[in-house]
Amino acid sequence: MSFQPVKFYQTGTFTVGNRLLAPEERSVQASGKRFNSINSGHRACQGCGEALGARYAIDAAMEATQGQLIAANATGCLEVFSTPYPETSWQIPWIHSLFGNTAAVATGIAAALKIKQKKNPRAQEIRVVAQGGDGGTTDIGFGCLSGMFERNDDVLYICYDNGGYMNTGVQRSSATPPAARTATTMAVGPEPGNAFGQGKFLPAIAMAHEIPYVATATVADLRDLEAKVRRAMEIRGARYIHILVPCPLGWGTYSNETIKMARLAKETGIFPVFEAEHGEIKSALAIRRQLPVEDYLKPQKRYAHLFGKQPNVAVIAKLQALADRNIRKYKLLEGV
Amino acid sequence: MLKQCEGSHAVAEAVALCRPEVICAYPISPQTHIVEGLGEMVKDETLADCEFINVESEFAAMSVAIGSSATGARTYTATASQGLLFMAEAVFNASGLGLPIVMTVANRAIGAPINIWNDHSDSLSMRDCGWLQLFAETNQEALDLHIQAFKLAEEISLPVMVCMDGFILTHAYERVDMPMQAQVDAFLPAYEPRQVLDPAEPVSIGAMVGPEAFMEVRYLAHARQVQALERIPQLAAEFKEIFGRDSGGLIRPYRCEDADTIVIAMGSVLGTLKDTVDEMREAGHKIGVLGIISFRPFPLVAVAAALKDCKRFVVLEKSLAVGIGGIVATNVRMAVTSMGLKGYTVIAGLGGRAITMKSLTAMLDKAGRDELDLVTFLDLDWKAVNKQIEREKTHRKTGPVAEALLRDAGIVGARNY
Ligand SMILES: Cc1ncc(C[n+]2csc(CCOP(=O)(O)OP(=O)(O)O)c2C)c(N)n1
Ligand code: SF4
Ligand SMILES: [Mg+2]
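All values reported here derive from a predicted model rather than from experimental measurement.

The rules behind these values
- Residues numbered from 1 in each chain as written.
- Chains lettered and ligands numbered in written order.
- Predicted model: local features only at pLDDT ≥ 70, side-chain atom pairs only at ≥ 80, totals over all residues.
- Heavy atoms only, no water.
- Pairing = 2+ DSSP bridges.
- Helix = DSSP H or I, 4+ residues; strand = E, 2+ residues; numbered from the N terminus.
- Axes fitted to C-alpha atoms, helices over the stretch in contact; angles between N-to-C directions.
- Near = heavy atom within 4 Å.
- Polar contact = N/O pair within 3.5 Å; in protein donor to acceptor, adjacent residues only side chain to side chain.
- Areas by Shrake-Rupley, 256 points an atom, 1.4 Å probe, with all protein chains shown as cover.
- Nonpolar A, V, L, I, M, F, W, Y, C, P; charged D, E, K, R; others polar.
- Phe/Tyr/Trp six-rings, centres within 6.5 Å; stacked < 30°, edge-to-face > 60°.
- Buried < 20%, exposed > 50% of the residue type's maximum accessible area, 1.4 Å probe, protein only.
- Salt bridge = Lys/Arg side-chain N within 4 Å of Asp/Glu carboxyl O.
- Contact = heavy atoms within 4.5 Å.
- pLDDT = per-residue confidence, 0-100.
- Domains from an automatic or database assignment.
- Expected span 1.5 Å × (residues − 1).
- Arc of directions from axis to C-beta.

**Student:** Break down the sheet that holds strand E13 (residues 294–296) of chain B for me, with residues and values.
**Tutor:** Residue and element names in this part refer to chain B. Taken together, seven strands build an open sheet; the order of strands is E3-E2-E4-E5-E7-E6-E13 and the sheet is mixed. The sheet is open, and its two borders are formed by strand E3 (51–54) and E13, each paired with just one other strand. Direction aside, neighbouring strands of the sheet carry axes that sit 20° apart on average. Both strand E6 (residues 132–135) and strand E7 (residues 160–165) contribute to a ladder of four bridges, which runs parallel.

**Student:** Break down the site of ligand 1 for me, citing the residues and quoting the values.
**Tutor:** All names here are of chain A. In the vicinity of ligand 1, 17 residues are found, and the nearest of them are Glu50, Cys77, Gly135, Gly136 and Gly164. In this structure, methionine 166 approaches ligand 1 through a main-chain N or O atom, which is 3.0 Å from an oxygen atom. Taking 590 Å² as the accessible area of ligand 1 by itself, protein coverage stands at 77%. Looking at the shell around ligand 1, its residues break down into five nonpolar, nine polar and three charged.

**Student:** Could you give an account of the packing of aromatic side chains, with specific residues and numbers?
**Tutor:** Given two aromatic rings, their pairing is described by the distance between the two centres and the angle made by the two planes. All names here are of chain A. Per the stated rule, a full pass over the model turns up 14 aromatic pairs over all chains. Ring plane angle 15° and centroid distance 5.7 Å describe the contact between tryptophan 90 and tryptophan 94, whose orientation is recorded as stacked. The pair tryptophan 90 / tryptophan 94 is uniform in exposure class, with both members buried. Feature note: the residues Phe201, Phe271, Phe274 and Tyr330 constitute an aromatic cluster, connected by ring pairs.

**Student:** Break down the pattern of salt bridges for me, with residues and values.
**Tutor:** Taken as a whole, this structure holds 43 salt bridges over all chains when the rule is applied. Salt-bridge contacts for Lys266(A) lead to Glu267(A); the nearest nitrogen and oxygen are separated by 2.7 Å. The exposure classification of Lys266(A) matches that of Glu267(A), with both residues buried. Across the pair Lys240(B) and Asp246(B) runs a salt bridge whose closest N-O atoms are separated by 3.3 Å. Looking at Asp246(B), the relative accessible area reads 61%, which means it is exposed.

**Student:** Quick one: what's the story with the sheet that holds strand E12 (residues 287–292) of chain B, residue by residue and with numbers?
**Tutor:** All names here are of chain B. Sheet architecture is open: six strands sit in the order E10-E12-E11-E14-E15-E16, paired in mixed fashion. Each of the sheet's edge strands pairs with one partner strand only, and the pair in question is strand E10 (251–254) and strand E16 (375–377). Strand-to-strand twist across the sheet, computed as the mean angle between neighbouring axes with direction ignored, equals 20°. On the sheet, helix H10 (residues 269–282) packs against E10, strand E11 (261–265), E12 and strand E14 (312–317) and is oriented at approximately 165° with respect to E12.

**Student:** Tell me about the confidence of the model for chain B, and please be specific about residues and values.
**Tutor:** On average, residues of chain B carry a pLDDT of 97, and 99% of them reach 70 or more. What the predictor reports for the complex is a pTM of 0.96 with an ipTM of 0.96.

**Student:** Before we move on, can you summarise the domain arrangement of chain B with the specific residues and values?
**Tutor:** The domain architecture assigned to chain B consists of domain 1 (2–243), domain 2 (251–377) and domain 3 (381–417). Inter-centroid distance (C-alpha atoms) of domain 2 of chain B to domain 3 of chain B is 32 Å.

**Student:** Describe in detail unusual backbone geometry, supporting the description with residues and values.
**Tutor:** Of note, the bond from Tyr85(A) into Pro86(A) is cis; its omega dihedral lies within 30 degrees of zero at 5°. The residue Pro86(A) is located in the loop between helix H2 (77–82) and strand E4 (94–96) in this model. With an omega dihedral of -5°, the bond running from Ala112(B) to Pro113(B) counts as a cis peptide bond. Along the chain, Pro113(B) turns up in the loop between strand E5 (102–107) and helix H6 (121–125). One non-glycine residue, Phe167(B), lies in the positive phi region at around 65°. Within the secondary structure layout, Phe167(B) lies in the loop between E7 and strand E8 (173–177). A positive phi angle, close to 55°, is found at Asp370(B), a residue other than glycine. Counting through the fold element by element, Asp370(B) comes out in the loop between helix H13 (357–368) and E16. On the basis of relative accessibility, which here comes to 30%, the residue Asp370(B) falls in the partly exposed class.

**Student:** An account of helix H14 (residues 382–394) of chain B is needed here, citing residue identities and associated values.
**Tutor:** Residues and elements named next belong to chain B. The end-to-end C-alpha distance of H14 is 18 Å, a good match for the 18 Å that 13 residues give at a rise of 1.5 Å each. When H14 is considered as a whole, its buried residues turn out to be Ala384, Gln388 and Arg391. The arc that holds the buried residues of H14, viewed along the axis, is 60°, so those residues lie on one side. Exposed residues on H14 whose side chains face more than 90 degrees from its buried face are Lys383, Lys393 and Thr394. Two to three positions downstream of the cap, the backbone nitrogen of lysine 383 sits 3.2 Å from a side-chain oxygen, assigning the N-cap of H14 to aspartate 381.

**Student:** Lay out the site of ligand 2 with the relevant residues and their values.
**Tutor:** All names here are of chain A. In the region of ligand 2, the neighbouring residues are Ala44, Cys45, Cys48, Cys77, Phe81, Asn162, Cys247, Pro248 and Leu249. Elements with a contribution of two residues or more to the shell around ligand 2: H2 and helix H8 (248–251). Taken together, the residues of the shell around ligand 2 sort by class into eight nonpolar, one polar and no charged.

Shown next as structure tokens:
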């Protein structure tokens, strides 16, 4: 191809093209010196939100630490698609130990670095991130995560939330939203899909630990995500960033709609995007143009059972009520 | 320096002399005094340049250890019993990653029924986890083995468990010779990892490996343990040169030269066995004792050599492979496969049951006449067992077994079913 049109303003996305900005104002992803912490060639599905989220977050953390970063990774899609030996996408020191112990492994890395630094104060300082999927974070890794939070260990933990155990074939996790179909909450029976009144929202639990920094983000807002990672790296102690990462395979969405799905989650109020310090909300990203939850639900096959010949208005209303509650609770219409 | 102290404190001091950089700990009896001692030393700064982390579980303890060891820090933890099982997944992971963590196991029974007293079920349940396992006979040896363990682990890039009998050793006050810092420094060089997480040279550690290379990776873990069979006696010799005492090695024979019967065991019961054998020797029995210090790697050749002139062996073990008999015995049998020896398995001391010289003498006397059953449970209360078996034949709802046995034994408060 000899000519590629450049879109400066992508209509409907609210995204200003980076090329309009001065180089120093560009996002890390758009800058010429971005680290490419996760190299191309990995085996994620087309349009994988987790691959995108990890690249955004880790590149931003690399930028913030001038490349002095070590990552611990839980078992899950990110670990599997980025590695099988002898190939690895990771351009940074990286360790995978188990599914449920990533926060603790990171604690160990941080402890070792603290002693190394003490013994050699002139050495450049190295920081630690831990990362895992929602299953590895909210379920099996929860004990280790809570321990790391409570001790205020110097670790940034990043959860890539795609709402289920995707690596094992899309089973329900405690982050799977109500009504969503997964392989273990099938769209059958009188109440198809995942049950209402269950599950947990880990950012709120992280806040209850009163750790220095908690934030949520989505892959739809690159600048916001990068700013939060940068902010997190300015702080010492336990930090937590929970990133919504749509999964085309598990959600049943088109691979070119990943960003759109993440944006719809935010614009409907389904997923609140905010920042908290020491257990108190400091800011929330305002909804720019509020949309009904149907707009978010309808394109996803995991909610297809809600939109048959007879849309299941009762369940859709319940989901709208959850979004409305988020909007009230996090003041998403006014923004903070 | 000679001093009188508790086994746990002796171990804590020895570990501190090894200059660990990260210690993580979760309490479980009878391991507690060891990590309490170390925690205090870190806090009052007698142990400098060391991070002591109070973790939220044993699974976290081993996971923190994995992270710190992979970052190049000399790392130590301790556990026992339920704690070892709770960390099991990470225990296998640490050895699979080739991380030279040193861990004390204050050997204790495994429930249910929950029981805090000593036997070897915990570490032996982890026999195939890829860690080396060294068993201490005395508090002095426990102390010495920790110093050797760090050196061994770091040389061969594999983790090492130092196993010491819970309460019997950990809580016993005995005289020990505490080494000087300079001696330990002369013996134990700084840790130089084979792989380390470092931004200057990024590596990916712990990624997935398919069928193309998995067998080879596992074989190399085995080969490294086999290599340790050579290194362990050399280390004991090097240790003796600096510290002046015999400690460690693969096996320790006692009065085996002309013995017809050799009784094999691990840990503190070796003391009782030696006394028993001394008495039986005086009464004219040709009997000796073989202590196994290195259970993993298992010294097949050394055990075979030690048994080559006897007529029979008795393995006395504080563990039970339910459904077959002995764990140590199975390993010993492999060592003597083609030697045509009579072999007996004696399960003893489970859950802290006392092992007395009187019972040992009677049992070994029977063994000497080849009248012992192939698998014997020393001092088992057959009356209580048979009564329960009978009850289970005639009643369906017999309730918890342990309670029924205690009720039969006349322990008040036990419920009737
Ligand atoms: C102890 C243990 N239990 C179960 C598994 C199987 N397992 C591997 S990845 C995975 C799902 C991961 O889900 P999540 O953490 O949400 O990450 P995702 O793949 O969705 O990114 C599961 C269940 C395992 N590897 N270890
Ligand atoms: S299953 Fe989902 S999370 Fe996993 S690689 Fe595919 S798109 Fe990404
Ligand atoms: Mg997931």
